[in-house]
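Here are the chains, one letter per residue:
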Amino acid sequence: SHHNQHRTLRYSSSEDGGKNWSAGVNIDLPGPLAPSSGAFLQVPFGRLRELSSGRLLMPVYWQFNGLHSETREAFARGTHQGKPIRLEGHGHRPQMSGCYAYFSDDSGASWERSLGSIMVWPLPGEQNLGGFGGTSEPVVQELRDGRILMLLRTKVGRYFQSISGDGGKNWTAATPTRLSSGDVPCDLDRLRSSNDLLVIWNQTSGREIRR
């Protein structure tokens, strides 16, 4: 999948090992890719999977950004050899995000969107009363029983997960996994030798997260 100035997502395929590509099929509704304006973004992430049914499943997340002069230069900072340095590349800004998926049952000729958006709610620590936590950069893998597992990047100290029992159209509410992590993505795949699931992520201690 790739970006286009008129539509954010298109799907192209190759039948000769990547030497030549089809013109591309529109996947989503028209919308500009304009991060400098704080626009609504749709971002494909992780691997596009072919399920055992033949369905193509592409994990995606949406994002709203608020751009303000007060936050444009609000970076994390530190000191190296006595000199101040910036410790990250992301600008801090008001941001909301949620995950979903597109799927195709005709080899990419047409696409449908999954229902709703997967987010962290209620937020841990809010006594089950509510609170919102964004999710982003989802990765998916088909389980042995045919269900689909989605792992979600969050800002609440660990990865969350969601499960689909119908090939990616409907997803369960996000629940926390035991994988502690900062606000960074992960990767999900299978080991060819054993068919076990493999997750690669940035392990983080509770103390590091709190700091």
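Residues numbered from 1 in each chain as written. Predicted model: local features only at pLDDT ≥ 70, side-chain atom pairs only at ≥ 80, totals over all residues. Heavy atoms only, no water.

S.K.: Give me the lowdown on unusual backbone geometry, citing residues and values where you can.
M.R.: The omega torsion across Trp-121 and Pro-122 is -5°, close enough to zero to call that bond cis. By the secondary structure assignment, Pro-122 is in the loop between β9 (112-113) and β10 (135-142). In this structure, Asn-195 is a non-glycine residue whose phi angle is positive, near 70°. Note that Asn-195 resides in the loop between β14 (187-190) and β15 (197-200). (Helix = DSSP H or I, 4+ residues; strand = E, 2+ residues; numbered from the N terminus.)

S.K.: Please give an account of the packing of aromatic side chains that cites residues and values.
M.R.: Evaluated as defined, the whole model comprises 2 aromatic pairs. With a centroid separation of 5.6 Å and 75° between ring planes, the pair formed by Tyr-100 and Tyr-102 is classed as edge-to-face. In terms of burial, Tyr-100 and Tyr-102 fall into one category: buried. If you follow Arg-113 out to its NZ or CZ, it ends over the ring of Tyr-100, 3.8 Å from the centre. (Phe/Tyr/Trp six-rings, centres within 6.5 Å; stacked < 30°, edge-to-face > 60°. Buried < 20%, exposed > 50% of the residue type's maximum accessible area, 1.4 Å probe, protein only. Lys NZ or Arg CZ within 6 Å of the ring centre and 35° of its normal.)

S.K.: Give me the lowdown on the sheet that holds strand β12 (residues 158-164), citing residues and values where you can.
M.R.: With antiparallel pairing, the 4 strands of this open sheet are ordered in space as β10-β11-β12-β13. Whereas interior strands pair on both sides, the edge strands pair on one side only; in this sheet they are β10 and β13 (175-180). Between one strand axis and the next, the sheet turns by 30° as a mean value, whatever way the strands run. Where β10 lies against strand β11 (residues 148-154), 6 bridges are found, and the strand directions are antiparallel. Bridge pairing in β11 links Thr-135 to Thr-154. (Pairing = 2+ DSSP bridges. Axes fitted to C-alpha atoms, helices over the stretch in contact; angles between N-to-C directions.)

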